[in-house]
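Each chain, letter by letter, is given below.
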Amino acid sequence: MLLDPVAITKDNVKTPIDDGAVASADVCTGKYAALCKTAGIS
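To start, this report covers the structure provided alongside it. What you see is a predicted model; the values in this text were computed from it and never measured.

Criteria and cut-off values
Residues numbered from 1 in each chain as written. Predicted model: local features only at pLDDT ≥ 70, side-chain atom pairs only at ≥ 80, totals over all residues. Heavy atoms only, no water. Helix = DSSP H or I, 4+ residues; strand = E, 2+ residues; numbered from the N terminus. Buried < 20%, exposed > 50% of the residue type's maximum accessible area, 1.4 Å probe, protein only. Areas by Shrake-Rupley, 256 points an atom, 1.4 Å probe, with all protein chains shown as cover. Disulfide = S-S within 2.5 Å. Polar contact = N/O pair within 3.5 Å; in protein donor to acceptor, adjacent residues only side chain to side chain. Contact = heavy atoms within 4.5 Å.

**Section: the overall build of the chain**
At step 1: Regarding its fold elements, the chain presents three helices and zero strands.
At step 2: Ordered by position in the sequence, the α and β elements of the chain form the string α-α-α.
At step 3: In the chain, which comprises 42 residues, the proportion classed as buried is 14%.
At step 4: For the chain, the accessible area works out to roughly 3700 Å², and carbon and sulfur atoms hold 59% of it.

Given below as C-alpha coordinates:
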(Lines give C-alpha, C1' and ligand atoms only; values in the text may rest on other atoms or scores of the structure.)
Protein backbone atom coordinates (compact mmCIF):
# COMPACT_ATOMS: atom_id res chain seq x y z
CA MET A 1 0.00 0.00 0.00
CA LEU A 2 1.38 3.39 -0.94
CA LEU A 3 0.53 6.38 1.21
CA ASP A 4 1.02 10.06 0.60
CA PRO A 5 3.70 11.44 2.92
CA VAL A 6 2.56 13.98 5.49
CA ALA A 7 4.91 16.21 7.46
CA ILE A 8 4.53 15.83 11.21
CA THR A 9 4.29 19.15 13.00
CA LYS A 10 3.37 20.35 16.46
CA ASP A 11 -0.19 20.87 15.24
CA ASN A 12 -0.76 17.33 13.92
CA VAL A 13 1.59 15.18 16.00
CA LYS A 14 -1.34 13.22 17.47
CA THR A 15 -2.68 12.19 14.05
CA PRO A 16 -0.47 9.11 13.46
CA ILE A 17 -1.20 7.88 16.97
CA ASP A 18 -4.94 8.54 16.70
CA ASP A 19 -5.01 6.82 13.29
CA GLY A 20 -3.28 3.73 14.71
CA ALA A 21 -0.15 4.05 12.58
CA VAL A 22 2.05 4.05 15.67
CA ALA A 23 1.40 3.34 19.34
CA SER A 24 1.88 6.11 21.88
CA ALA A 25 3.84 3.64 24.01
CA ASP A 26 6.39 3.37 21.20
CA VAL A 27 6.75 7.15 20.83
CA CYS A 28 6.24 8.60 24.30
CA THR A 29 9.24 7.16 26.09
CA GLY A 30 12.32 8.62 27.68
CA LYS A 31 12.93 12.28 26.91
CA TYR A 32 9.78 12.41 24.74
CA ALA A 33 7.35 11.46 27.55
CA ALA A 34 7.00 15.03 28.83
CA LEU A 35 6.55 16.36 25.28
CA CYS A 36 3.78 13.83 24.65
CA LYS A 37 2.03 14.92 27.82
CA THR A 38 2.25 18.56 26.71
CA ALA A 39 0.79 17.60 23.31
CA GLY A 40 -2.10 15.75 24.96
CA ILE A 41 -0.90 12.29 23.97
CA SER A 42 -1.33 9.60 26.59
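**A look at the state of the cysteines**
At step 1: In total, this model carries one disulfide according to the counting rule given.
At step 2: The side chain of C28 participates in a disulfide bridge whose partner is C36; the two sulfur atoms lie 2.0 Å from each other. On the sign convention where negative is left-handed, the bridge of C28 and C36, at about -85 degrees about the S-S bond, is left-handed.
At step 3: C36 sits in the buried class, given a relative accessible area of 7%.

**Remarks on the side chain of N12**
At step 1: Among the secondary structure elements, N12 is positioned in the segment before α1 (15-18).
At step 2: Reaching out from N12, the side chain makes a polar contact with the backbone oxygen of A7 at a distance of 3.1 Å.

**A few points about the side chain of S24**
At step 1: With respect to the helices and strands, the residue S24 is situated in helix α2 (residues 24-27).
At step 2: Look past the residues within four positions of S24 in its chain and what remains in contact with it is I17, I41 and S42.

**Details of the environment of G30**
At step 1: For G30, the position within the fold is in the loop between α2 and α3 (33-39).
At step 2: Taking the C-alpha atoms as reference, G30 lies 16 Å from G40; in sequence the two are 10 residues apart.

**Describing the environment of I8**
At step 1: Relative to the assigned elements, I8 resides in the segment before α1.
At step 2: On the basis of relative accessibility, which here comes to 51%, the residue I8 falls in the exposed class.
At step 3: Those residues within four positions of I8 in sequence are excluded, and the remaining contacts are V13 and P16.

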